[in-house]
Amino acid sequence: SKYIDFTLSFFEDQASFIVFSQAAKSSGNIFFFLLPFKNGVWFSIFGIILIISFLVCLAGKLSPYGKYGRKMHAQQTCRCAECEHRKEIKEQYGCSFKATKEFDCLVDKVEEEDSLEDMNFYNSLWVVSTGFVQQGGETLPAAPSGRFLLFTWWLFVMILVSMYTANLTAHLTLERNDINIKTMQDLSSQTEYEWGLITDRNLESMMENHANPEYGGLVQRGVKLENLDEGIERVQEGGFVFIDESSVLTFNFRENCTAYQVNTGKFSNEWAFGLQTNSPYANVINNMFLRYREDGWLTEVWDKWYKAEAGCSAYIGSDMRFDLTILSGLFSIFVMGIAISLLLVIIETLYAAYSDRRASHGKVGFWHCLSRRLKYKKKEIIEEWLGGSHIRSSKRNGVDRVTIVDVNGEMESDDRLPRVVMS
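Quick caveat, the model's predicted, so the values are computed rather than measured.

**Student:** I keep staring at the packing of aromatic side chains and nothing clicks. Help me out?
**Tutor:** What describes a pair of aromatic rings is the distance from one ring centre to the other and the angle between the planes of the rings. Evaluated as defined, the whole model comprises 21 aromatic pairs. When the centroid spacing of 6.5 Å and the interplanar angle of 70 degrees are considered together, the rings of F10 and W271 count as edge-to-face. With F10 in the loop between β1 (4–6) and β2 (11–13) and W271 in strand β8 (residues 269–271), the pair connects residues that are 261 residues apart, well separated along the chain. Look at Y215 and F267: their rings are 5.1 Å apart centre to centre, the planes differ by 85 degrees, and that puts the pair in the edge-to-face class. Taken together, the residues span a long stretch of sequence, with Y215 in helix α9 (residues 213–221) and F267 in the loop between β7 (259–263) and β8 at a distance of 52 residues. The rings of F10, F11, W271, F273, F289 and W302 are connected pair by pair, giving a single aromatic cluster. Over the face of the ring belonging to F251 we find R254, whose NZ or CZ atom lies 4.1 Å from the ring centre. In this structure, K375 is placed above the aromatic ring of Y376, and the distance from its NZ or CZ to the ring centre is 5.6 Å.

**Student:** Whenever I open this one, the nonpolar core confuses me. Can you help?
**Tutor:** Generally speaking, a soluble globular protein has its nonpolar side chains buried in company with each other. By size, the foremost hydrophobic cluster in this structure holds 26 residues, and its most contacted members are F37, W153 and F156. Only α1 (39–62), α5 (121–132), α6 (144–172) and α14 (328–359) provide two or more residues apiece to this core. Excluding residues within four positions of it along the chain, W153 makes contact with I48, I49, I52, V128, G131, F132 and F334. Among the nonpolar cores identified, the runner-up in size contains 19 residues, and M184, L187, Y193 and I243 belong to it.

**Student:** When you look at helix α10 (residues 228–237) in this model, what are you seeing that I'm missing?
**Tutor:** Think of an α-helix as 3.6 residues a turn; residues three or four steps apart then line up on the same face. Of all the positions in α10, only G231, I232 and V235 are classed as buried. For α10, the angular spread of the buried residues around the axis is 95 degrees, confining them to a single face. Looking at α10, the residues exposed on the side facing more than 90 degrees away from the buried face are D229 and E237. The backbone nitrogen of D229 lies 3.3 Å from a side-chain oxygen of the residue at the head of α10, namely N227. Downstream of α10 by a residue or two, G238 has a phi angle that is positive, lying close to 100 degrees.

**Student:** Any chance you could explain the pairing of strand β4 (residues 194–198) here in plain terms?
**Tutor:** Taken residue by residue, a regular strand's side chains alternate between the two faces of the sheet. Of all five residues making up β4, four are buried, and the element is well covered by its neighbours. Of the pairings in the sheet, the one linking β4 to strand β6 (residues 240–245) comprises four bridges and is parallel in character. Residue G196 lies in a different strand from β6, and its bridge partner there is F242. Note that β4 and strand β5 (residues 223–225) share three bridges and pair parallel. Residue pairing across strands places I198 opposite L225, the latter belonging to β5.

**Student:** I keep staring at the layout of surface pockets and nothing clicks. Help me out?
**Tutor:** In this approach, a probe sized like a water molecule rolls over the atoms, and the result shows the empty space that is left. If you add up the space inside the second largest pocket, you get close to 350 Å³. Surrounding the second largest pocket, 13 residues form its lining, F10, F11, L298, T299 and W302 being those nearest its centre. Elements that contribute at least two residues to the lining of the second largest pocket include exactly β2 and α13 (297–306). With seven residues, the single largest contributor to the lining of the second largest pocket is α13. Here the residues of the lining of the second largest pocket are counted per class, giving nine nonpolar, two polar and two charged.

Rules and cut-offs
Every residue gets a number counted from 1 within its own chain, in the order that chain's sequence is written. Reporting in this predicted model follows two pLDDT cut-offs: at least 70 for local features of residues, and 80 or more for side-chain atom pairs to be given and counted; totals over whole chains, interfaces and linings ignore these cut-offs and use all residues. In computing side-chain properties, one takes all heavy atoms of the structure into account and sets aside hydrogens as well as water. For this analysis, a ring pair means two rings from Phe, Tyr or Trp (six-membered ring only for Trp) whose centres lie within 6.5 Å, classed as stacked if their planes differ by under 30 degrees, edge-to-face if by over 60, and tilted for the remaining angles. Numbering of helices and strands runs from the N terminus, with a helix taken as a DSSP run of H or I at least four residues long and a strand as a DSSP run of E at least two residues long. Each ring is checked for a lysine NZ or an arginine CZ that lies within 6 Å of its centre and within 35 degrees of its normal; such an atom marks a charge sitting over the ring. Think of a nonpolar core as a cluster: buried Ala, Val, Leu, Ile, Met, Phe, Trp, Tyr and Cys residues, connected wherever their side-chain atoms sit within 4.5 Å. Categorising residues by exposure relies on relative accessible area from a 1.4 Å probe, with only protein chains included: less than 20% of the type maximum marks a residue as buried, more than 50% marks it as exposed, and the intermediate range marks it as partly exposed. Note on contacts: a residue pair qualifies if any of its non-hydrogen atoms lie within 4.5 Å across the two residues. By arc we mean the arc of the directions from the helix axis to the C-beta atoms, nothing more. Throughout this description, a polar contact denotes any pair of N or O atoms lying within 3.5 Å of each other; where both atoms belong to protein, one of them has to be capable of donating a hydrogen while the other can accept it, and for residues adjacent in sequence the pair is counted only when both atoms sit in side chains. Strand pairing is assigned whenever DSSP identifies at least 2 bridges connecting the two strands. A 1.4 Å probe that fits but cannot get out identifies a cavity on a 1 Å grid over protein atoms alone, an open set with protein on both sides within 12 Å along at least five of seven lines counts as a pocket, and a residue lines either if it has an atom within 4 Å of a point. Grid points are joined across faces, edges and corners, and a volume is the space filled by probe spheres set on the points. Only Asp, Glu, Lys and Arg are considered charged in this grouping, and only Ala, Val, Leu, Ile, Met, Phe, Trp, Tyr, Cys and Pro are considered nonpolar; every other residue, Gly among them, is considered polar.

These values are about where atoms sit, not about what they do.
Structural data, given as structure tokens:
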């Protein structure tokens, strides 16, 4: 102070050490992609896929506005000659409506079957499964209830995939947390890593002359490095902790996101400019530093030179696996969506009955129309869904034949039955 004065400090530095993390090392778990969720969650997801597939199929069949429901109701109520003839065949031989349709062209037969069964369980399972991997199926439900159910599933999948992606990222970066060296004392007590610092530097002198002899012991037992390049090289080789000033380490490892830096908060020193004693420029420079500090200009300069352009996340991951308790809220929303979808089926049935009443110009009451709808639906479930046999026929050598296939797959032939071709 007799020969030189210092300006106000414009930067404060401290001792730090840096070591390479283990993030780049593979854990050897080939099923790492299953880590975000516990086994119970995975089994629940597969179970939900089956349940939602069944419900989408069921909604398409129960709803009077689904393609299947509309066609079956039309076949049951139509009074044209062809439909009446098909009803007679159906009542006589106990077959389904599909088995009473006559085709002259096999292509028409295939197209008819594909159109009527486009939302059967198999196709519903395909639509739901592709939705789980955020892809689209070929066929979608036509009824509002089925569409709302599928919308609920897509919303469920979107949130679930977002949670899965975030937790998988956390697991893949978890290895950085394996470094448990947080202080100089931790460094001194561990045996996994070597350490060292550059000789004949201010930091080495402060550590050797510190009142706590533990810091002097670190210098004595550490590796003596000749220069900065040697320290950087030793860190990159792995298994080495490089001790130096925080600013030096931050600048030289700013582009390396696998480097794990710990600021000790020890051996602080301030940066300032030295001026001649009683220099007239001291107050001018100090005022400028104060203004730059208030305006944030010093911080901007630091970020420009000491931070990587892409930036590295300080997040070190988590090993938490989501279980059913954590995801219970998401599953609850999904269950509510199922309940609303089933409620929509009821509303659709009521509205269909109301439409029937309007179509009759008030000649038939609402409750009669509803009862009629329910009666036809009950009959459809018993005969079309749970029927014990299906009739198939084929022409062989100009003779009409009918094949009855029961639920056990056994086949019987009867030449006495009239010509019936299954659609």
